[in-house]
Amino acid sequence: MRLPTVLALVALVVVLGGVGAVAVVDSGSTLNERWVSDTPSDIEGNHHAVAAARIDGQGYVFAPIGGRSGETGCMLAALDDEGAVLWDDPVPPADCTIHAVADPAVATWPGEEPAVLSSTTEDRVYAHDPASGTLTFSFALRDYGYTKPVVADATGDGDPELVVLDVTGSVFVVRADGDGRERPANGTTVWDRRFGAYTWAQPVVADLDADGDPEVVAGFDDRQVRLLDGATGRTEWNASAGGAVTWMTTGDADGDPATEVFVATSNGHVVAFDGATGTVEWNRTFDRLAAVRAFGDADADGQPELYAVARDGVLRALDASSGETEWTTTLTTGDVQMTPPPSLGDVDGDGDDEVVAVTNDGIVRVLDPVDGAVLATYERDSTVYTHVTLADLDGDGADEVYVPYGDGRVVSLGLG
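Here the structure is a predicted model, which means the values were calculated and not measured.

Asks: Looking at this structure, I do not really get the pattern of salt bridges. What am I missing?
Replies: Pairing is possible between side chains of opposite charge, provided their charged atoms come close. All chains considered together, the criterion is met by 10 salt bridges. Measuring nitrogen to oxygen at the nearest pair gives 3.6 Å for the salt bridge that ties Arg-409 to Asp-38. Here Asp-38 lies in the loop between β1 (26-36) and β2 (51-55) and Arg-409 lies in the loop between β31 (400-404) and β32 (410-415), a separation of 371 residues in the sequence. Between Asp-287 and Arg-311 there is a salt bridge whose closest N-O contact spans 3.6 Å. Of the two residues, Asp-287 sits in the loop between β21 (280-285) and β22 (291-296) while Arg-311 sits in the loop between β23 (305-309) and β24 (314-319), which places them 24 residues apart along the sequence. We classify Asp-287 as partly exposed; its relative accessible area is 21%. What makes Arg-311 buried here is its relative accessible area of 14%.

Asks: Explanation requested: the sheet that holds strand β8 (residues 124-128) in the structure shown.
Replies: Adjacent strands of a sheet form backbone hydrogen bonds with each other and so pair up, either parallel or antiparallel. Sheet architecture is open: 8 strands sit in the order β6-β7-β8-β9-β13-β12-β11-β10, paired in mixed fashion. Across the chains shown, the open sheet's two edge strands, defined by having one partner strand only, are β6 (105-108) and β10 (150-152). Put simply, the sheet's adjacent strands are angled 30° from each other on average, direction ignored. Sheet topology note: the β8/strand β9 (residues 135-140) ladder contains 5 bridges and is antiparallel. Note on β9: the bridge partner recorded for Val-125 is Phe-139.

Asks: How should I be thinking about the packing of aromatic side chains in this particular structure?
Replies: Each pair of aromatic rings is reported with the distance of its centres and the angle of its planes. Taken as a whole and judged by the stated rule, the model has 11 aromatic pairs. With a centroid separation of 6.3 Å and 45° between ring planes, the pair formed by Phe-62 and Trp-87 is classed as tilted. You can see Phe-62 sitting in strand β3 (residues 58-65) and its partner Trp-87 sitting in strand β5 (residues 85-90), a full 25 residues away along the chain. Each member of the pair, Phe-62 as well as Trp-87, carries the same accessibility label: buried. The interplanar angle of 35° and the centroid separation of 6.2 Å between the aromatic rings of Trp-237 and Phe-273 together place this pair among those described as tilted. Here Phe-273 lies in strand β20 (residues 269-273) and Trp-237 lies in strand β17 (residues 235-240), a separation of 36 residues in the sequence.

Asks: So what exactly am I meant to see when it comes to the confidence of the model for the chain here?
Replies: Taken over all residues, the pLDDT of the chain has a mean of 92, while the share at 70 or more is 92%. For the stretch residues 1-25, pLDDT sits under 50, and the model shows 63 contacts to residues farther than four places along the chain or on other chains.

Asks: Got a minute to help me understand the environment of Thr-277 in this structure?
Replies: Mapped onto the elements of the fold, Thr-277 is located in the loop between β20 and β21. Separated by 88 residues in the primary sequence, Thr-277 and Arg-365 have C-alpha atoms spaced 37 Å apart. Within polar-contact distance, the side chain of Thr-277 engages the side chain of Thr-279 at 2.8 Å.

Asks: Explain the pairing of strand β29 (residues 374-379) here, please?
Replies: Remark: a regular strand shows side chains that alternate across the two faces of the sheet. With 5 bridges joining them, strand β28 (residues 363-367) and β29 adopt antiparallel strand pairing. Note that in β29 the partner of Val-366 across the bridge is Ala-376. Remark: 6 residues form the turn of the hairpin made by β28 and β29, two consecutive strands paired antiparallel; Gly-372 in that turn has positive phi of roughly 80°.

Asks: How should I be thinking about the UniProt feature "domain: Pyrrolo-quinoline quinone repeat" (unreviewed entry) in the chain in this particular structure?
Replies: The UniProt feature table records "domain: Pyrrolo-quinoline quinone repeat" (unreviewed entry) at residues 77-285 and 304-413. Along residues 304-413, the helical share is 0% and the strand share 44%, with 27 Å between the first and last C-alpha atoms.

Asks: What is the right way to look at the side chain of Asn-360 in this model?
Replies: Along the chain, the position of Asn-360 falls in the loop between β27 (354-358) and β28. Asn-360 sits in the buried class, given a relative accessible area of 5%. A polar side-chain atom of Asn-360 sits 3.0 Å from the main-chain amide nitrogen of Gln-337. If near-sequence neighbours (up to four positions away) are discounted, Asn-360 is found in contact with Val-336, Gln-337, Met-338, Pro-340, Ser-382, Thr-383, Val-384 and Tyr-385.

Asks: Whenever I open this one, the sheet that holds β5 confuses me. Can you help?
Replies: Taking strand neighbours across the sheet as the criterion, the 4 strands line up as β2-β3-β4-β5 in an open arrangement whose pairing is antiparallel. Two strands in the sheet have a free side with no partner beyond their single neighbour: β2 and β5. Neighbour to neighbour, the strand axes of the sheet diverge by 20° on average, direction disregarded. Inspection of the sheet shows β3 paired to strand β4 (residues 75-80) by 6 bridges, in the antiparallel sense. In the strand pairing of β4, Tyr-60 is matched with Asp-80.

What counts, and where the lines are drawn
- Residues numbered from 1 in each chain as written.
- Predicted model: local features only at pLDDT ≥ 70, side-chain atom pairs only at ≥ 80, totals over all residues.
- Heavy atoms only, no water.
- Salt bridge = Lys/Arg side-chain N within 4 Å of Asp/Glu carboxyl O.
- Helix = DSSP H or I, 4+ residues; strand = E, 2+ residues; numbered from the N terminus.
- Buried < 20%, exposed > 50% of the residue type's maximum accessible area, 1.4 Å probe, protein only.
- Pairing = 2+ DSSP bridges.
- Axes fitted to C-alpha atoms, helices over the stretch in contact; angles between N-to-C directions.
- Phe/Tyr/Trp six-rings, centres within 6.5 Å; stacked < 30°, edge-to-face > 60°.
- pLDDT = per-residue confidence, 0-100.
- Contact = heavy atoms within 4.5 Å.
- Polar contact = N/O pair within 3.5 Å; in protein donor to acceptor, adjacent residues only side chain to side chain.
- UniProt positions renumbered as here; feature names shortened; annotations may be inferred.

Below, the structure written as structure tokens:
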């Protein structure tokens, strides 16, 4: 582990700040605690999201757990849909840190069987069998990965590749050697680029410029957003976001062929870029540590919204095509350090999405996407530094809410 890297990321996450002054009113519904995982950590700073998926009729939650440097306790833990630990893959004490395991992903890689993929402070990305934890893939990075690996056809050849970034700005596109029956399979680099700037925002692989070929878009702490040709890694455009990029998402905001790229920065900018050219379509400035993730027409008004937060604890529904504010809701009046971005999902099973937001001081709120009214609330005495994961693992038609708390425990909630 490289100490300057650790300090830089801790500084990004732990920043003191104020909050808004408007309280929220709850409608009276409840978020019921279904279970709390037995995955305690020695630190209160766990800040990577969980993955949740239903595989072969079984629900799984994959939790990245960090810990103290030089100690045991860092791991990727696989939980069943009742919160019991099925298996874990520990990170050696020499590599155990707050960043030990990055956000995991569930995908078919390598071969044709599902796997859970994650990067670790061993400077590698791994794939494991979801049920047994058997290692199925391993690939060396230049540094540890901070973001979720992506499995997609980045090169346009019809077969999926693994796209993974390390924290110091290397972008890799990788093919698996063999068909996945070797345990573990290794990877062959299709291309990689070194940008020498930290990257915390989740990359996206898609045909963003509508030219018929896939691209990789990534954001960096040198203020740059870069669109890379998926087949070669060549830079198609790069544009300044006005601050270190910390969160990113994509979506079609205006109905033209290209897909917009939305980023949030550490100094409070939320910026929309045209996916074809990198031109800024709009730019809003909020409080520090702005964050975005959820995008969609959840209020069914025919125009998608982008949901943005910042250190002030205020959630804003923005018209994604113009950046204009449609409504705001203050999520907390506590003395918080930052606010994680919200998620969209159908938590009541009615076929329509709700907004699920969390706060740094441990509050989970379900909001009506039409006006931001709070429908239900849950509170736990622990911090939250990242977004929740929504998935229907019990098959009842409604998404459960999986909250990774700073103390290492995952809480499963259901709307009652």
